[in-house]
Every structure is written in C-alpha cells, then in structure tokens.
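One-letter residues, chain by chain:
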Amino acid sequence: MVRKIVENALSGKLLKPDEIAMLFDVPLFSYDSSLIQSTARQVCDKACGSLAEIHAQIGLNISPCPRNCRFCSFAVCNSVFSGTEELLIEDVVARAKGFESDGANAIYLMTTAGYPFNRFIEKSQEVRMSLKPDTVLIANIDDFSENEAKRLKDVGFTGIYHAIRMGEGRDTTISPKKRLQTFKNAMEAGLLIGTCVEPVGSEHSTDELVEKTVITRDIKPVFSGAMRRTPISGTGLAKYGQVSQSRMAHILAVVRLATGYSIPGNCTHEPNVVGVSSGANIIWAETGANPRDTEKETQQKRGLTVEQCRQIFKEAEWDVLSGPSRFYGNKRGQHMPMDFDYEQSISN
Ligand code: SF4
C-alpha cells in the first residue's frame, strides 16, 4: 500500500490525508522509509528544475514577546532575553548587501511580534533601495491586516514567510484563524507565501502532522517543508528533547510527496545533509536575532553563512541556483518549471 501511495505521488497525484498519515507512520530505516525519501528527492529535483536555493534571514530585533509561543526564545514565558535591542539600519543594510554578494537567492527581514509596523516599513525601504532591483526581499513578521499587506507589497517585498505552527493556539496564544487571515491578506495584496510544517517536536501526533501538511498545501505557497523544534534549555518544551535529523528527513520527505509538483520548494531547518539528501531544496543562512538561539547574534552560534549552506547542498549533490529565487520569482499557479515533463516523470 505504501509503495502504491509513493508511486501516485511520483506520478503527480494528490495524496489524501489518510495516505499522508500512512507515510508518516512508516518506521524509520525500513525499505519503505528509504523509498519515501529517495522518491521525495526525485520529486524535489523535478519540481525545481534541479536547482536548490539558499535563503538568508536577518533578525532585526530582540524583544520579550507577549505572544508567548512556548518554543521561542523571545517569548516572555521562556525568560531568555530580558532587554530590548535592535540592529541599526546601517547594520541591517550592510548584512543584506553581504548576503546579496554571497549569492543568497532571497533575503528575509524578521522581527518579533509587536515590532512597530511603520518602523519596519521605514527600515525595509532603506534595505530595498540598497539592494539590486531583482533581489528578492521577504518579510517574516507578526500577523498583519489587508492594508498592511498592501504596504509590504508597495515597499518592495515579493512575499512573506508565515506558518500555522504545530500547537498553534495551544503552545502559542495566537489563534490558527488569525494566522489564516494573514495568509489571505497577503494573497489579496499579491504577496507570495513561503511556509512549512514547524516546529516539529517528538510529542506531536501523526494527525497534527497531517493537518499542518495539508494546510501548507492548501494555501498554495511557493514552498513548504519541515523544521524541527530546537529545545530551549530550562523551558517547558525542553523535556521532549529534539527530533533527530534522520526522523526529520523522513518527515520532510513525506511533506514533499504530499505537496506535489505545483509547489516547487521544500525547505528544512536547521540546514543538514541528510535533510537535503531526502527532499529539501531550500535551506537558510541566518544573522542577527533568532527565535531558536540564546545568543543575541545567531551567526556566533546556530546561524550558518551562505557558504556553509552551499557546502551542505554540495555534500548532497545539489546544484544551487545562481541569481534571484525562482521559487519566489514565479507567479502564483505557475510554479511548474518550464522543463518539467509529467509523462517523463512517470516513466522514470
Ligand atoms: S514566535 Fe514570534 S509571536 Fe511567538 S513568541 Fe516568538 S516572536 Fe513572539
């Protein structure tokens, strides 16, 4: 049965929730798990025209956040950071230009929830003006209104990163409905969406993995994928430990098969060779603040450089796109690479 489902995914058929669940439940290191991961790699390769991408994020600020997502180091309840700090605009611009010259395919500006929206727009404007016109800029910020979505578009963002996280409304104080509304507001404004199944913990059920996978498929993003939760020492969720990279490779492979060819990207975080070998074609470089780090400057601890990401892809035999992101460059509904041959994919 598992082999038939995998075959269907390879041939471009949309998987049903019970079929996705069956794939998630396949034991690790079995023949079927290897089949899922190797097929996910094939689907991934075809969906992106064999070119992986490196996206790079700048965390603009640190501020204790009252939204209290239990997995985030900025959450007030986790008591990691007490003060408020913010990168100077000159610094943000320098880091963005650095990522651009290092060859990042898209640059993300991230803030904590509650960061003043007008200030974010002002800073984004400066960054936008300092970059080449075709460099792809993405916002990763708090939930926003329809009007704010238009302002993000007007200032030069191509898209957003946004997610209905694992445990949304249970391990966070934000309702899934609110997160969904933000997706809608972004789409109305013509912003493209990157998302993923995150942050995955060992306690999460197959049902929740399936639910979140289907949500990421239904919103028609430019990429989905899967990220594990980083345990922040001394916090409530730390007792669950961390899902292994091997297990995450299986999970992101199932997400890849479930989301199909019309969604070209499949990300994983944090970057690792086994993940990109098994069906992830986007990984992130990071600088500045990071919700998974306890250091103020993540490049001194968890954050990787563009070059380190390039090496990870190289170890997994991926070529990396040169130039602006094709995932975010494509128009909604036209994600299929020009050279994608459906008939060919079946006969392979
Ligand atoms: S994930 Fe975002 S909204 Fe949640 S606590 Fe962290 S900064 Fe706040």
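Residues numbered from 1 in each chain as written. Predicted model: local features only at pLDDT ≥ 70, side-chain atom pairs only at ≥ 80, totals over all residues. Heavy atoms only, no water.

**A look at the overall build of the protein**
- Of the regular secondary structure elements, the protein holds twelve helices and twelve strands.
- A compact globule built from 348 residues would reach a C-alpha radius of gyration of about 20 Å, and the protein, at 19 Å, matches this within 12%.
- Within the protein, the fraction of its 348 residues that count as buried is 58%.
- Within the protein, contacts between residues separated by at least 24 positions form 74% of all contacts whose residues are at least 6 apart in sequence.
- Here the protein has roughly 14,300 Å² of accessible surface; of this, 51% comes from carbon and sulfur atoms.
- Across the protein, the 40 positively charged side chains and the 42 negatively charged ones have centroids separated by 3 Å. (Helix = DSSP H or I, 4+ residues; strand = E, 2+ residues; numbered from the N terminus. Rg over C-alpha atoms; globule rule 2.2 N^0.38 Å. Buried < 20%, exposed > 50% of the residue type's maximum accessible area, 1.4 Å probe, protein only. Contact = heavy atoms within 4.5 Å. Areas by Shrake-Rupley, 256 points an atom, 1.4 Å probe, with all protein chains shown as cover. Lys, Arg positive; Asp, Glu negative; His and termini not counted. Charge placed at Lys NZ, Arg CZ, Asp CG, Glu CD.)

**Remarks on the pattern of salt bridges**
- If you walk through the whole model with that rule in mind, you get 21 salt bridges.
- Notably, a salt bridge pairs Arg119 with Glu86, separated by 2.6 Å at the nearest N-O pair. Of this pair, Arg119 sits in helix α5 (residues 117-130) while Glu86 is found in strand β3 (residues 85-86), placing the two residues 33 residues apart along the sequence.
- When its relative accessible area of 31% is taken as the criterion, Glu86 is described as partly exposed.
- Close ionic contact of Glu86 with Lys123 constitutes a salt bridge, the shortest N to O distance being 2.6 Å. Residue Glu86 is located in strand β3, and its partner Lys123 is located in helix α5; the two are separated by 37 residues in the primary sequence. (Salt bridge = Lys/Arg side-chain N within 4 Å of Asp/Glu carboxyl O.)

**Focus: the site of the ligand**
- Neighbouring the ligand are the residues Cys65, Arg67, Asn68, Cys69, Cys72, Phe74, Thr112, Ala113 and Arg165.
- A per-class count over the shell around the ligand returns five nonpolar, two polar and two charged. (Near = heavy atom within 4 Å. Nonpolar A, V, L, I, M, F, W, Y, C, P; charged D, E, K, R; others polar.)

**With respect to the state of the cysteines**
- Considering all chains together, one arrives at zero disulfides under this definition.
- In this structure Cys309 is not part of a disulfide, and its nearest cysteine sulfur, from Cys267, lies 12 Å away. (Disulfide = S-S within 2.5 Å.)

**Some details on the side chain of Glu198**
- Of note, Glu198 is situated in strand β8 (residues 197-200).
- For the buried Glu198, which has no salt bridge, the nearest side chain bearing the opposite charge is Arg165, at an N-O separation of 5.6 Å.
- Among the polar contacts made by the side chain of Glu198, one reaches the side chain of Tyr161 at a distance of 2.8 Å.
- For Glu198, the contacting residues outside a window of four places in its chain are Tyr161, Ala163, Arg165, Met166 and Met227. (Polar contact = N/O pair within 3.5 Å; in protein donor to acceptor, adjacent residues only side chain to side chain.)

**Things to note about the pairing of β8**
- In the sheet, β8 pairs with strand β9 (residues 223-228) via two bridges, with the strands oriented parallel. Following the sheet pairing, Val197 is matched in β9 by Ala226.
- Crossover connection from β8 via helix α8 (residues 206-218) to parallel β9: handedness right-handed. (Pairing = 2+ DSSP bridges. Right-handed = clockwise from strand over helix to strand, strands pointing away.)

**Digging into α8**
- With 13 residues, α8 ought to run about 18 Å at 1.5 Å a step, and its terminal C-alpha atoms sit 18 Å apart, in line with that.
- Structurally, α8 contributes buried residues whose contacts are with α2 (17-24), β8, β9 and α9 (245-259).
- Following α8 by one or two positions, Lys220 adopts a phi angle in the positive range, close to 50 degrees. (Expected span 1.5 Å × (residues − 1).)

**A closer look at α9**
- Along its 15 residues, α9 runs 21 Å from first to last C-alpha, staying within 8% of the 21 Å computed at 1.5 Å per residue.
- Judged by how many residues are buried, α9 sits mostly within the fold: twelve of 15 residues are covered.
- Of the residues making up α9, those classed as buried are Met248, Ala249, His250, Ile251, Leu252, Ala253, Val254, Val255, Arg256, Leu257, Ala258 and Thr259.
- Just beyond α9, the residue with positive phi is Gly260, at close to 80 degrees.

**Let's talk about the pairing of strand β1 (residues 51-59)**
- The buried fraction of β1 is high, at eight of nine residues.
- In terms of strand pairing, β1 meets strand β11 (residues 282-288) through seven bridges, oriented parallel. Counterpart to His55 in the pairing with β11 is Trp284.
- Pairing of β1 with strand β4 (residues 106-110) involves five bridges; the strand directions are parallel. Bridge pairing links Gln57 to Tyr108 in β4.

**Regarding the environment of Gly329**
- Structurally, Gly329 is set in the loop between β12 (319-320) and α12 (342-347).
- The exposure class assigned to Gly329 is partly exposed, which follows from its relative accessible area of 47%.
- For the pair Gly329 and Asn68, spaced 261 residues apart in sequence, the C-alpha separation works out to 34 Å.

**Some points on the packing of α2 against α8**
- Remark: α2 packs on α8, axes separated minimally by 9 Å, with the N-to-C direction vectors making an angle of 125 degrees. The orientation of α2 with respect to α8, classified from their angle, is oblique. The element α2 and its partner α8 pack so that their crossing is right-handed. Contact with α2, carried on its side by Pro17, Ile20, Ala21 and Phe24, involves Thr206, Leu209, Val210, Thr213, Val214 and Arg217 of α8 and no other residues of that element. (Axes fitted to C-alpha atoms, helices over the stretch in contact; angles between N-to-C directions. Parallel < 35°, antiparallel > 145°, perpendicular 65-115°, else oblique. Left-handed = near helix turned anticlockwise from the far one by under 90°.)

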